[in-house]
Amino acid sequence: LVNEWNNKAHEITGYPKEEVLGKNLVQVYITKEFRASVKQVLDDAFKGLETANFEFALFTKDNKRVEVLLNATTRRDVPGAIIGMIGVGQDITEKRRLMEQEALLFQAQAANDAKSQFLATMSHEMRTPLNVIMGMNDLITETLLSAEQRTFAEQVKTSAESLLILINDILDLTKVEAGKLELVTVDFDIRQVMEDAIESVASKALGKGLEICSYIAPEIRTDVIGDPDRLRQILLNLLSNGIKFTKEGQVYLLIEEEEETASHHAFRFKVHDSGIGITADGQKKLFSRFSQVDSSTTRTYGGTGLGLAISKQFAELMDGTMGVQSEVGTGSNFWFTGVFKKILRPTNVFPVPMLLIPKVREGSPLTVLLKAENETLRLLLTRYLEALGIDAESVNSLPKAVHALESNPGKFDMLFFCPSMKAFDGAVSAPSSSVSDYGAKNDPTIRSSSIDLHHAMTVLKSRAHLWPKLETIIMCPIKCLSHASGYRDLHRCSILSRPVRLSALHDAVVACVMRIRNETPGCHSLAPKPAVLNQQTQDAEKPKGRSWRILVAISDMKQRMVLRAIIARQQLHGEQHQCVLAGSGKETIEKLVLEDAGWNHDCLIFDTNFKDHTQQDIVRYVRDREAQALFNKNKNTPLVLIAAI
């Protein structure tokens with residue numbers, strides 16, 4: 001029976017002292033499930049056995065469950081005889097709740113880690129056969145196929161690329177969730193990353209008839225320290241989305257410097273499109289994983305809703321954030337920010353000087369007439385030209401360009417001509433009903449503002465005698481360079497692919513300026529090597545050399561076959577390579593033989609999946625023996641490591 005009841009006991013149970021004294025504690029106040037065990041603890045205390053840290057539950061006066069930690073101690077008189085028991089109880093309800101939450105958290109974390117590990121493993125396992133499918137399919141497309149077979153192969157390629165993007169997104173997601181995604185820190189140029197990203201998606205945009213371009217002010221310093229691959233991944237995701245959801249118009253990328261400190265640069269990246277736009281409710285879902293604006297979007301355009309969520313997390317890893325402004329029917333503006341470290345130079349080392357254009361004549365800048373139908377392209381090119389110190393005047397149609405040239409004889413040194421993307425859809429524009437606007441009467445060769453390249457060049461050819469010193473640069477969409485092949489011999493005409501890099505634009509202008517200054521007319525193509533129009537001429541000019549003997553050491557047999565087939569189709573200086581295969585680390589080392597003149601293979605391509613030897617073992621084996629050899633160290637064999645990221 002209870003004969004003592006302090007204030008803390010009252011606070012825990014809600015029962016006052018007068019209600020408890022003389023009552024049987026176990027039978028009245030202890031819940032049924034714990035009565036036997038609590039009675040046993042109290043009985044042991046009456047026998048002289050002490051019990052510490054016994055937990056049980058009881059219900060308070062207002063019927064709330066309370067978790068109690070009980071310590072029971074025998075109570076004795078002065079001679080030592082047992083006269084009762086002292087029970088000290090502590091309310092551990094909150095502590096128990098926190099412990100249970102922590103246990104649940106650990107369980108959830110363990111389940112999440114297991115899920116992430118499973119997804120990461122599955123992603124890697126899926127990429128291996130997918131790479132084989134894509135490689136074999138590429139080899140098939142290089143063979144003679146019927147139109148139907150080529151259509152099937154292209155569908156396989158498109159589907160495989162979509163699946164690969166999904167797998168890579170899932171792999172990135174698992175890394176982010178597991179906290180294992182770390183940004184690298186290397187020196188790189190933001191302008192180059194921007195131009196590379198634009199070039200990567202240019203064919204897709206131009207194939208839909210969209211204009212695509214980019215701009216970052218030439219005077220902004222863009223050499224920084226950070227992770228160029230993750231930055232490129234964000235840009236490619238935003239640009240690809242812009243192209244996907246835009247049927248006509250343009251997609252363009254702008255980069256602005258937000259802030260500069262003594263040690264860091266902060267940039268804002270903006271991707272604009274003239275696509276379908278997004279509702280206010282839809283914008284709230286954009287950056288959630290596996291979320292689309294609505295189900296019809298997935299059915300119409302595809303996608304999983306992972307790209308933007310991952311891109312936003314990448315931006316946050318760069319100490320930035322991501323957002324969007326959009327209206328239905330007018331397009332979207334996706335933006336994100338990023339902070340990058342400065343490349344600190346010694347005080348006596350100066351940054352690379354700005355691109356400068358040589359003077360054509362003393363006292364006056366170079367004067368350029370720019371013709372571009374797309375307003376965004378026209379504005380960005382004008383800003384680039386003005387930044388290079390050029391006096392630029394722009395028009396949006398060929399008739400206006402011809403009018404400007406004829407109305408101002410000798411005013412312009414150069415003509416920048418950007419054929420409209422409409423020019424390459426196979427349609428022929430109808431003759432204009434009015435010829436007086438063109439500055440040349442009764443000329444049926446002059447067409448409307450949507451005139452294609454061939455009609456435009458016919459006009460320029462017919463008037464070349466009127467502007468004998470005018471330099472012309474055709475900025476032809478990179479996917480349509482073959483359309484410009486017939487004009488490579490045009491007097492003072494150069495061909496430049498677009499989207500254009502700032503350095504290529506500068507070099508093209510400088511080449512024209514030098515011809516003007518030296519009075520040496522000629523025709524020079526300034527398109528990048530991948531876009532050379534006459535491939536046979538290019539191949540004929542290649543120097544001849546010996547074939548390479550390449551050792552391909554890859555654990556997966558199917559991937560070995562694909563790589564061997566790809567190498568067999570590649571030619572170095574017009575000669576076929578010889579490919580030797582190895583499927584294990586041991587076999588690789590056995591087939592690598594060091595001879596007096598060097599290794600018996602010119603190149604080693606190997607992966608990281610050998611069970612018997614690591615890639616470090618193979619590299620160490622090769623380099624240690626090269627260090628001990630007597631042959632010329634310039635003959636060290638190249639090592640190419642293939643690794644999943």
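Predicted, not measured: the structure shown is a model, and the values here were computed from it. Positions within a chain are numbered from 1, following the residues in the order the chain's sequence is written. Selection of residues for local features in this predicted model requires a pLDDT of at least 70, selection of side-chain atom pairs for listing and counting requires 80 or more, and totals for whole chains, interfaces and linings are taken over all residues. The side-chain figures draw on all heavy atoms in the structure; neither hydrogens nor water molecules are used.

## Brief notes about the overall build of the chain
Thinking step 1. Where helices and strands are cited, they refer to DSSP runs of H or I of at least four residues and of E of at least two residues respectively, numbered from the N terminus. Across its full length, the chain holds 19 helices and 24 strands.
Thinking step 2. To sort residues, take the accessible area from a 1.4 Å probe on protein chains only and compare it with the maximum for the residue type: under 20% means buried, over 50% means exposed, and anything in between is partly exposed. Put simply, the chain has 645 residues, and 42% of those count as buried.
Thinking step 3. Only heavy atoms enter the contact rule, under which two residues are in contact if any of them lie within 4.5 Å. Counting only contacts in the chain whose residues sit at least 6 apart along the sequence, the fraction spanning at least 24 positions is 66%.
Thinking step 4. Working definition of accessibility: Shrake-Rupley area with a 1.4 Å probe, residue cover restricted to the visible protein chains. Entry remark: accessible area of the chain is about 34600 Å², with carbon and sulfur atoms responsible for 53%.

## Some points on the packing of helix H7 (residues 190-207) against helix H8 (residues 228-244)
Thinking step 1. Closest axis-to-axis distance for the H7/H8 pair is 9 Å, and the angle between their directions is 35°. The two elements H7 and H8 meet at a crossing, and its hand is right-handed. Note on element contacts: H8 touches H7 through Pro228, Leu231, Arg232, Leu235, Leu236, Leu239, Ser240 and Ile243, opposite Ile190, Val193, Met194, Asp196, Ala197, Ile198, Ser200, Val201, Lys204 and Ala205. Comment: axis = line fitted to C-alpha atoms, over the contacting stretch for helices; angle = value between 0 and 180 degrees taken between N-to-C directions. Crossings are assigned a handedness: left-handed for a near helix turned anticlockwise from the far helix by less than a right angle, right-handed for a clockwise turn.

## Topic: unusual backbone geometry
Thinking step 1. For the peptide bond that leads from arginine 498 to proline 499, omega is 10°, which places it in the cis range.
Thinking step 2. As for its position among the elements, proline 499 is in the loop between strand S15 (493-498) and helix H15 (502-518).
Thinking step 3. Non-glycine residue aspartate 319 carries a positive phi angle of around 60°.
Thinking step 4. With respect to the helices and strands, the residue aspartate 319 is situated in the loop between helix H11 (307-317) and strand S9 (322-327).

## Here's the deal with the environment of threonine 128
Thinking step 1. Among the structural elements, threonine 128 can be located in helix H5 (residues 93-141).
Thinking step 2. Measuring from C-alpha to C-alpha, the distance between threonine 128 and aspartate 556 comes to 8.3 Å, with 428 residues separating the pair along the chain.
Thinking step 3. Not counting the four nearest positions on each side in its chain, threonine 128 is found in contact with Asp556 and Gln559.

## What to know about the side chain of histidine 506
Thinking step 1. Mapped onto the secondary structure, histidine 506 falls in helix H15.
Thinking step 2. By the criterion applied in these results, polar contacts are pairs of N or O atoms within 3.5 Å in which, for protein atoms, one can donate a hydrogen and the other can accept it, and in which residues neighboring in sequence qualify only through two side-chain atoms. Within the structure, histidine 506 has its side chain in polar contact with the side chain of aspartate 507 (distance 3.2 Å).

## Here we look at the pairing of strand S8 (residues 264-273)
Thinking step 1. With eight of 10 residues buried, S8 lies mostly within the body of the structure.
Thinking step 2. As paired strands, strand S7 (residues 250-260) and S8 are joined by nine bridges and run antiparallel to one another. Bridge pairing links leucine 253 to valine 271 in S8.
Thinking step 3. Here, any two strands with at least 2 DSSP bridges between them count as paired. In this structure, the hairpin formed by S7 and S8 is closed by a connection of three residues.

## Remarks on H8
One turn of an α-helix holds 3.6 residues; hence residues three or four places apart share an orientation.
Thinking step 1. What a helix is expected to span follows from its residue count: subtract one and scale by 1.5 Å. Given a rise of 1.5 Å per residue, 17 residues ought to cover 24 Å, and the 24 Å separating the end C-alpha atoms of H8 matches this to within 8%.
Thinking step 2. Residues of H8 that are buried: Pro228, Arg230, Leu231, Ile234, Leu235, Asn237, Leu238, Leu239, Asn241, Gly242 and Ile243.
Thinking step 3. Its side-chain oxygen 3.2 Å from the backbone nitrogen of aspartate 229, aspartate 227 forms the N-cap of H8.

## Brief notes about the state of the cysteines
Put plainly, a disulfide is one covalent bond tying together the sulfur atoms of two cysteines.
Thinking step 1. Sulfur atoms of two cysteines make up a disulfide when they are within 2.5 Å. Applying the stated criterion across every chain yields a total of zero disulfides.
Thinking step 2. Between cysteine 418, a cysteine without a disulfide, and cysteine 213, which holds the nearest cysteine sulfur, the sulfur-to-sulfur distance is 9.9 Å.
Thinking step 3. Looking at the unpaired cysteine 512, the closest cysteine sulfur is the one in cysteine 493, lying at 8.9 Å.

## A few points about the pairing of strand S17 (residues 549-553)
A regular strand places its side chains on the two faces of the sheet in alternate fashion.
Thinking step 1. Counted residue by residue, S17 has four buried out of five residues, so it is predominantly covered.
Thinking step 2. The pairing of S17 with strand S20 (residues 578-582) spans five bridges and is classified as parallel. Considered in S20, the bridge of leucine 551 is made with valine 580.
Thinking step 3. Judged from the four bridges that link them, S17 and strand S23 (residues 603-607) form a sheet pairing that is parallel.

## Quick notes on the packing of aromatic side chains
Thinking step 1. Only Phe, Tyr and Trp rings take part, Trp by its six-membered ring, and two of them pair if their centres are within 6.5 Å. Stacked means planes under 30 degrees apart, edge-to-face means over 60, and tilted covers everything else. This structure, assessed with the given rule, holds seven aromatic pairs.
Thinking step 2. Judged by centre distance (6.5 Å) and plane angle (75°), the ring pair of phenylalanine 269 and phenylalanine 340 falls under edge-to-face. Of this pair, phenylalanine 269 sits in strand S8 while phenylalanine 340 sits in strand S10 (residues 331-342); the two residues are 71 residues apart in sequence, bridging distant segments of the chain. For the residue pair phenylalanine 269 and phenylalanine 340, the accessibility class agrees, reading buried in each case.
Thinking step 3. Within the aromatic cluster, the residues linked to one another by ring pairs are Phe188, Phe267, Phe269, Phe336 and Phe340.

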